[in-house]
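Analysis of the macromolecular model
Take a look at the letters that make up each chain.
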Amino acid sequence: MAQTPQAKYRKDYQSPSHTITDLDLTFDLFDNETIVTAVSQVKQLKDSNTLQLDGESLKLVSVTVNGEAWTQYQETEGMLELNNLPQEFELVIVTEIDPEANTALEGLYKSGGAFCTQCEAEGFRRITYYLDRPDVLAKYTTKVIADKAAYPFLLSNGNRVAQGDLEGGRHWVQWQDPHPKPAYLFALVAGDFDVLRDHYVTKSGRNVELEIFVDKGNLDRAPHAMTSLINSMKWDEERFGLEYDLDIYMIVAVDFFNMGAMENKGLNIFNSKFVLANEQTATDTDYLGIEAVIGHEYFHNWTGNRVTCRDWFQLSLKEGLTVFRDQEFSSDLGSRAVNRINNVRIIRGPQFAEDASPMSHPIRPEKVIEMNNFYTLTVYEKGSEVIRMMHTLLGEEGFQKGMKLYFERHDGTAATCEDFVAAMEDASGVDLKQFRLWYSQSGTPTVKVSSEFNADKQTYSLTVEQSTEPTHDQKDKQPLHIPFDVELYAANGDVIELRCNGRAVGNVLDVTEAKQTFVFENVAEQPIPSLLREFSAPVVLEYNYSDEELVFLMVHARNEFARWDAGQMLLAKYIRSNVTRVQSGQDVELPAAVVDAFRGVLLSQDLEPAFIAEMLALPSHNEVSGWYKQVDVDAVANVLKAIKVQLANELIDEFSAIYHSLKQDAYTIEHAAIGQRSLRNTALAYLAHTELGNELAEKQYADANNMTDTIAAMSAANSAQLACREALMASYSEQWKHDGLVMDKWFALQGTNPAENVLQVIKATMEHEAFSLKNPNRTRSLIGSFLNMNPVRFHAKSGEGYKFAGDILRELNSSNPQVASRLIDPLLKFRKYDEERQALIKAELEALKSMDNLAKDLFEKVTKALEA
Ligand code: TRP
Ligand code: ZN
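Everything quoted here is computed from the prediction, not taken from an experiment.

Regarding the overall build of the protein
- What the protein contains, in helices and strands, is 27 helices and 35 strands.
- Taking 2.2 N^0.38 as the reference for a compact globule, 868 residues should give roughly 29 Å; the C-alpha atoms of the protein span a radius of gyration of 28 Å, in line with that estimate.
- Here the C-alpha coordinates of the protein stretch approximately 90 × 65 × 60 Å along the principal axes.
- Across the 868 residues of the protein, 60% fall into the buried class.
- Considering only contacts in the protein between residues 6 or more positions apart, those separated by 24 or more positions represent 70%.
- Carbon and sulfur atoms provide 48% of the accessible area of the protein, an area that totals close to 33,300 Å².
- Taking the average location of the 84 positive side-chain charges in the protein and that of its 127 negative ones, the two points are 3 Å from each other.

Digging into the sheet that holds strand β29 (residues 495–496)
- Sheet architecture is open: three strands sit in the order β29-β28-β34, paired in antiparallel fashion. Both edges of this open sheet fall to β29 and β34 (528–530), since each of them pairs with a single strand only.
- Against the sheet, helix α8 (residues 547–556) contacts β28 (487–489) and β34, and its axis sits at roughly 60° relative to β34.

Overview of the site of ligand 1
- Contacts to ligand 1 come from 15 residues, most closely from E120, A261, E263, E297 and Y380.
- Within the side chain of Q118, a nitrogen or oxygen atom sits 3.3 Å from a nitrogen atom of ligand 1.
- In the model, a nitrogen atom of ligand 1 is placed 2.7 Å from a nitrogen or oxygen of the E263 side chain.
- Listed by contribution, the elements that provide at least two residues to the shell around ligand 1 are β20 (261–262), α2 (284–299) and α3 (315–333).
- Each residue belonging to the shell around ligand 1 can be placed in one class, and the counts come to five nonpolar, five polar and five charged.

Looking at the pattern of salt bridges
- All chains considered together, the criterion is met by 63 salt bridges.
- Residue R336 pairs with E328 through a salt bridge whose shortest N-O separation is 2.9 Å.
- Look at E328 and you get buried, because its relative accessible area is 2%.
- Note that D834 and R837 form a salt bridge whose closest N and O atoms lie 2.7 Å from each other.
- Its relative accessible area of 21% is what places D834 among the partly exposed residues.
- You can call R837 buried: its relative accessible area is 5%.
- Among the charged side chains, a salt-bridge network with shared partners connects R239, E328, D332, R336, R388 and E396.

Focus on the UniProt feature "domain: Peptidase M1 alanyl aminopeptidase C-terminal" (unreviewed entry) in the protein
- When the UniProt feature table is mapped onto this chain, "domain: Peptidase M1 alanyl aminopeptidase C-terminal" (unreviewed entry) is found at residues 547–867.
- End-to-end, the C-alpha atoms of residues 547–867 are 42 Å apart, and along that stretch the chain is 72% helix and 0% strand.

A few points about the sheet that holds strand β35 (residues 540–542)
- With mixed pairing, four strands are arranged side by side in an open sheet as β33-β26-β25-β35. On the outer flanks of this sheet lie β33 (515–520) and β35, each paired with one strand and no other. Going across the sheet, the axis of each strand differs from the next one's by a mean of 20°, ignoring polarity.
- As judged from the 10 bridges shared by strand β25 (residues 445–454) and strand β26 (residues 459–468), these two strands associate in the antiparallel manner. Bridge pairing in β26 links S451 to L462.

Focus: the packing of helix α19 (residues 740–751) against helix α20 (residues 758–765)
- Here α19 crosses α20 at 150°, and the two axes come no closer than 9 Å. On the basis of their axis angle, the class for α19 and α20 is roughly antiparallel. Along its contact with α19, which presents W746, F747, Q750 and G751, the element α20 presents V758, V761, I762 and T765.

Here's the deal with unusual backbone geometry
- For the bond running from E120 to A121, omega is -5°, close enough to zero to count as cis.
- Among the structural elements, A121 can be located in the loop between β11 (114–118) and β12 (138–147).
- Phi at N522 is positive, roughly 60°, even though this residue is not glycine.
- Its location among the elements puts N522 in the loop between β33 and β34.
- We classify N522 as exposed; its relative accessible area is 56%.
- Despite not being glycine, E534 has its phi angle at roughly 60°, a positive value.
- Here E534 lies in the loop between β34 and β35.
- Note on E534: relative accessible area 33%, which makes it partly exposed.

Quick word on the coordination of the zinc ion (ligand 2)
- Donor atoms from the polypeptide that coordinate the zinc ion (ligand 2) comprise H296 (NE2), H300 (NE2), E319 (OE) and E319 (OE), at 1.9 to 2.7 Å from the metal.
- Because the angles between the six donor atoms bound to the zinc ion (ligand 2) fall within 47 to 161°, the donor set is best described as irregular.
- Written as a sequence motif, the donor residues of the zinc ion (ligand 2) are H-x3-H-x18-E. Here H300, found in the loop between α2 and β22 (308–309), pairs with E319, found in helix α3; they are 19 residues apart in sequence, far enough to count as distant. By the burial criterion, H300 is buried, and E319 matches it.

Overview of the packing of helix α5 (residues 377–410) against helix α6 (residues 417–428)
- As a packed pair, α5 and α6 sit with axes 7 Å apart at the nearest point and diverge in direction by 105°. Between α5 and α6, the angle is such that the two are roughly perpendicular. Residues I387, M390, L394, G398, F399, K401, G402, M403, L405, Y406, R409 and H410 of α5 form the contact with α6, whose own contacting residues are D419, F420, V421, A422, A423, M424, D426, A427 and S428.
- Here the residues of the contact of α5 with α6 are counted per class, giving 13 nonpolar, four polar and four charged.

Conventions adopted
- Residues numbered from 1 in each chain as written.
- Chains lettered and ligands numbered in written order.
- Predicted model: local features only at pLDDT ≥ 70, side-chain atom pairs only at ≥ 80, totals over all residues.
- Heavy atoms only, no water.
- Helix = DSSP H or I, 4+ residues; strand = E, 2+ residues; numbered from the N terminus.
- Rg over C-alpha atoms; globule rule 2.2 N^0.38 Å.
- Buried < 20%, exposed > 50% of the residue type's maximum accessible area, 1.4 Å probe, protein only.
- Contact = heavy atoms within 4.5 Å.
- Areas by Shrake-Rupley, 256 points an atom, 1.4 Å probe, with all protein chains shown as cover.
- Lys, Arg positive; Asp, Glu negative; His and termini not counted.
- Charge placed at Lys NZ, Arg CZ, Asp CG, Glu CD.
- Pairing = 2+ DSSP bridges.
- Axes fitted to C-alpha atoms, helices over the stretch in contact; angles between N-to-C directions.
- Near = heavy atom within 4 Å.
- Polar contact = N/O pair within 3.5 Å; in protein donor to acceptor, adjacent residues only side chain to side chain.
- Nonpolar A, V, L, I, M, F, W, Y, C, P; charged D, E, K, R; others polar.
- Salt bridge = Lys/Arg side-chain N within 4 Å of Asp/Glu carboxyl O.
- UniProt positions renumbered as here; feature names shortened; annotations may be inferred.
- Parallel < 35°, antiparallel > 145°, perpendicular 65-115°, else oblique.
- Donors = N, O, S within 2.8 Å, 3.2 Å for Na, K, Ca; no water.
- Tetrahedral: all angles 85-135°; square planar, octahedral: opposite > 155°, others 65-115°.

See the structure below:
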């Protein structure tokens, strides 16, 4: 480590000394020496004639102020400081950069044959010296010059205003973006593509050209992305009253990309994983992921671009809100219950785990070393839950009034989370004073509930106690404002009206104190409570349900989410008790009543297939691990497997009947068809653990006319280690080895292979022609799935899994620290494992810490983990 990286604190925010009103960029593109000329109109805002510009890995060619060569400057690590400047001036900076050598995929780099950019969060400073901060908003003009044959398409933000040819086979295009924007929303693409074109007429009559750019030959995989874009534009008009504001909207799919996608104004750049799909190459999950991400980036146009963030500590202002919007979009278009279940699984699994880890932080972080480390489940997913709680407290109408006021106040500016909450509060009249604590307090609250029925007084009381354990970043915790959604049922399934203090009350209780009792009147019989309905707050619920009550709720709860949640609680009880049994050498036991409850779900005539599939899905190993301070990896895996095997064998007739009755002839991506495939493939995943498994998986693979069924067959064969596994894997690789994106599914199956020799297999797989550590998707599929989804083998007592992770991290530390930093997360949680494993993981972290070129991404995480 050359220099110890410095942290920045939210409390130290200072507005900028200068602003830049206009920026005129020229890119003369060459693989190894691209020349960038940046002409800025600069205005002094504070009493200072010194301007400090951000810049990294740049070769400075020249500096000019108001037409004069400027010599009064110092170039230091990460910064160019200009001195003795006039109050207003034109600044011309020329830099040289090397896109070909840029493997970090931040700034200007090459993906395959194309030039592209990624500027969020602080990548623009790798293009030119600039005020690279989101509260400096400028109008951009961009001229792109490149070889015409190799790069026929030259793209940037806004509208194309001019173009021409040059000598030597080069050409240029000039773009102008009328909307002022911060540097992180800048984008440039140069390459050769196939283009899918369509158009959309907004509700006020603006005609918008829609263009999706994909690698040549991939046009037949672009239509679903286009449909999703059009659906997004329509939905945002209908639900939020928000219209698009330019005449063109472009999406470019690239193969080398660190994250999912990027909302650059008018020119989204996407990981090709979230664009390309046809039924032969993509699963239903891929289709739904594309819809969600296309929506997400489109919705950023208002929540992120029109109103942007004042500083990066405010990231959840745009991300939490935009995730909320994309979740609502998916729920309005598809199944609300299934969407909610999947979002809650993410919170209860990986987000709760993050809260409990050394990386714990509030949705609005207080302290950051590397901003890229804070694009987290907490900022995104918990951030969305915080928005959702406001939606619950205000109702749809109040919430939309709040959105309207938010845009009236802040359109065209850089705002804060506080600005958002204030708009919601002012528009609705709902007091959100205590609620604001969700922005500054980290960790997962536990809500412990006890109940008492008083037959004489005909009252029923719920006593609610909330507490939040200290987290790595924050010791003292206060009571939060928790919207707590409840319903009471009579034994015959009727809903009992909620009355408090002589008045009917709504389902959402305001829990605001550490301990609080709610007394309901006119309750004639001992009720069965449905608690934390819809997961109305991101908390852990503790309530002593009997098995009978949970089975009752699985059948009688009025809303589907509550039914699913009751099923999960029933499973949780028996997972916990069986982990204890297994640890004391006993066999796994599941009572007949529990098996029958799930039999009832399978036989249900009125539940949607997609929902039945969710009911039958066991919690993941990761989610279960979160229930324990220290987790017995092998015991948890054994219990989950044994429960699966028992359910499979006891319900074999029901699963078989479903499996055979849900066979489809033709493939469609209608939601009903997706649901049927989901249930059928859930049945297959269970049947894989019976004597029917091998034949069914083999036949399904052979007969499949779509990727969903192909992968389901392979996945069943992989998890249950069926005899046909190797043959199916070989056949798939033979068919798809030239297509990295399609091979990612195969790499993920190799990574999650439960076989004892999986590490050997993974090392051999790294030699596969489609694999490259330079490609983040390949790396995540093979290596990421091993580290995150193959707990038994990754945590092998020998320590070989940890050592392998260390080697990969050392390599990625130099080539792509962002990817390295995402991969390291499971190692940070070493305190969850036994002493021996702790020591082995710690040794890997120490080895990383001692590297002399450790990137600040990894430095921040490794030092946090080793502290305390
Ligand atoms: N703003 C992007 C989104 O959520 C996230 C993103 C894309 C990103 N690429 C990135 C964040 C690179 C950090 C670094 O839609
Ligand atoms: Zn986003």
